[in-house]
Each structure stands twice: as structure tokens, then as C-alpha cells.
Amino acid sequence: YKEPKEKRFLVGNFKIKCKYSSEGELAVVCKGKKGVGFWVCFTCGATFLERKRGKHRTPYGTECSAPLRGPLHLGHIFKTDVLSISFEEPRINGDESFWYSLLYAILEGTSQALGIRRQDIDGCLYPSEEGMMLVLFDNVPGGAGFVKRIVDEDNIYNVFKSSLERVKNCTCGKETSCYGCLRNYQNQFCHELLRRGIILDFLENNLRGEEDV
């Protein structure tokens, strides 16, 4: 295991700390419908959303009388390139809506600025003692060096600039979002939380004065 490499940047009013690792570990967990988990047969491997008593059908269509165990959350751990971004300045007291909106604006900006296919990168939020962190990662097995490219003076500036353009040039209501700015199929779980207006104001205020913004 290698310690993440740390680097700091100044972009407009932003003082940003980045930590990058090519050997990051992420856990993907599925909690089932409405987070209630799954019922699993450890004998045949059949999995159900609801508990079934008595015999059940196996994945091969035969009957199995082994008991189901649950409710369980299912997941796996994978290694890939991971980049965490935290804001040292300005200090941000944003709510869940703000942070998810910022996360997906940065992901879209990264894709646009660095020419990376949007489906090849993804991200999540991670609360830490230093405050909320944006965690970006390569969405390909083993990583491909995509998020590593952000850790560059010119690239990180262009990422923030493109993020601003993404939320600025959309025509949907500022109090909401659409598939032209922040929404995509993968983030359906938080569509109602995404607001392009709060990120437009945040980025405009802190990038003001930067060339060509």
C-alpha cells in the first residue's frame, strides 16, 4: 500500500487539497429496494427482495429447501485510481443538495475539460474530520490514470472552468437540474437534490477575476 500523494492548488478564491492514489480501494454496496436488504440462500445462491418461507426456486429452476438468511446488504471491493478533493478555502457549510450538485458539476467539468468519457469516471461524497470531501475515481477495473490528470495546475483550473460552463449554459431552472447539466442515469438516486443554481453562484463568486471565466 502506498500513501496517497498530496498536492495543493490555488484556483481563484479556492484553496484546494488533492490526494491521489493509484491503489485506492472502494466498496460498492447495494442495500436493495428502499434499503431493506436481500434474503439469500447460501446453499443454492438464490436471492430475493422479500423473505420466503418453505421451499424456493433455485437460479436453475429446481426446488431448494435450505433456509434464507437476511436481511443482507450485498457488495464488493475493487481497486482503482482515486482522487479526493477538499476545500481549505473557502470554508463551506453546504447541505447534502449543495455537495451532490458540486460533485456532479466537477465530474461533468472533468469529462469536458480533459476529454474523458463521462462513464469512465465517477464519484461519491466522503465526510471527514476536515469536512466533506469529493472522491473521484476511475470507473474502470484497476484504474486508467483518468482522475490523476486532474492533479495538474492547468488541468484543475480547466476542470473548474468547465464545471462553471456546464451549469451556466444550461437552460433549465436554477432551482433544479436536467440531463443537460448535472443529471445522468447513474445519479438518479439524488436527482431531486441536484440544483445547478447554487453551484453556478458558488463557482462564479469564487472564480471571478480569473482569465476567460
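You'll find the structure just up there.
Residues numbered from 1 in each chain as written. Predicted model: local features only at pLDDT ≥ 70, side-chain atom pairs only at ≥ 80, totals over all residues. Heavy atoms only, no water.

Further remarks concern the overall build of the protein chain. Across its full length, the protein chain carries three helices and 10 strands. Secondary structure elements in the protein chain, listed N-terminal to C-terminal, are β-β-β-β-β-β-β-β-α-β-β-α-α. By principal-axis analysis of the C-alpha atoms, the protein chain measures approximately 70 × 45 × 30 Å. A burial count over the protein chain gives 41% of its 213 residues as buried. Within the protein chain, contacts between residues separated by at least 24 positions form 61% of all contacts whose residues are at least 6 apart in sequence. As displayed, the protein chain has an accessible area near 12,200 Å², and 48% of this comes from carbon and sulfur atoms. Each charge sign in the protein chain was given a centre, from 30 positive and 28 negative side chains, and these centres are 9 Å apart. (Helix = DSSP H or I, 4+ residues; strand = E, 2+ residues; numbered from the N terminus. Buried < 20%, exposed > 50% of the residue type's maximum accessible area, 1.4 Å probe, protein only. Contact = heavy atoms within 4.5 Å. Areas by Shrake-Rupley, 256 points an atom, 1.4 Å probe, with all protein chains shown as cover. Lys, Arg positive; Asp, Glu negative; His and termini not counted. Charge placed at Lys NZ, Arg CZ, Asp CG, Glu CD.)

In this structure, L134 and F160 are the most contacted members of the largest nonpolar core, which totals 44 residues. Going through the elements one at a time, β1 (5-11), β2 (14-30), β8 (74-89), α1 (96-114), β9 (121-128), β10 (131-138), α2 (153-168) and α3 (196-207) are the ones with two or more residues in this core. The element that contributes the greatest number of residues to this core is α1, accounting for 10 residues. The residues contacting L134, other than those within four sequence positions of it, are L83, S84, I85, F87, W99, L102, L103, I106, C124 and L125. Counting seven residues, the second largest nonpolar core, distinct from the first, contains A46, F48, C64 and L68. (Core = buried A, V, L, I, M, F, W, Y, C linked by side-chain atoms within 4.5 Å.)

On to the sheet that holds β2, then. Taken together, five strands build an open sheet; the order of strands is β1-β2-β8-β10-β9 and the sheet is antiparallel. The open sheet terminates on both sides in strands that have one partner only, identified here as β1 and β9. Geometrically, the sheet is characterised by an average inter-axis angle of 35 degrees between neighbouring strands, direction not taken into account. Sheet topology places β9 next to β10; eight bridges connect them, and they run antiparallel. From the neighbouring strand, C124 faces β10, where its bridge partner is V135. Each of β1 and β2 touches α3; the most contacted strand, β2, lies at about 150 degrees to it. (Pairing = 2+ DSSP bridges. Axes fitted to C-alpha atoms, helices over the stretch in contact; angles between N-to-C directions.)

We now examine the packing of α1 against α2. Their axes nearest at 7 Å, the elements α1 and α2 cross at an angle of 115 degrees. Classified by the angle their axes make, α1 and α2 are roughly perpendicular. Considering the relative orientation of α1 and α2, their crossing is right-handed. Counted together, A105, I106, E108, G109, T110, Q112, A113 and L114 of α1 and N155, N158, V159, F160, S162, S163, E165, R166 and V167 of α2 form the full contact between these two elements. When its residues are assigned to classes, the contact of α1 with α2 shows seven nonpolar, seven polar and three charged. (Parallel < 35°, antiparallel > 145°, perpendicular 65-115°, else oblique. Left-handed = near helix turned anticlockwise from the far one by under 90°. Nonpolar A, V, L, I, M, F, W, Y, C, P; charged D, E, K, R; others polar.)

For R195, the position within the fold is in the loop between α2 and α3. Exposure remark for R195: the relative accessible area of 28% places this residue in the partly exposed category. In sequence terms R195 and E63 are 132 residues apart; their C-alpha atoms lie 49 Å from each other.

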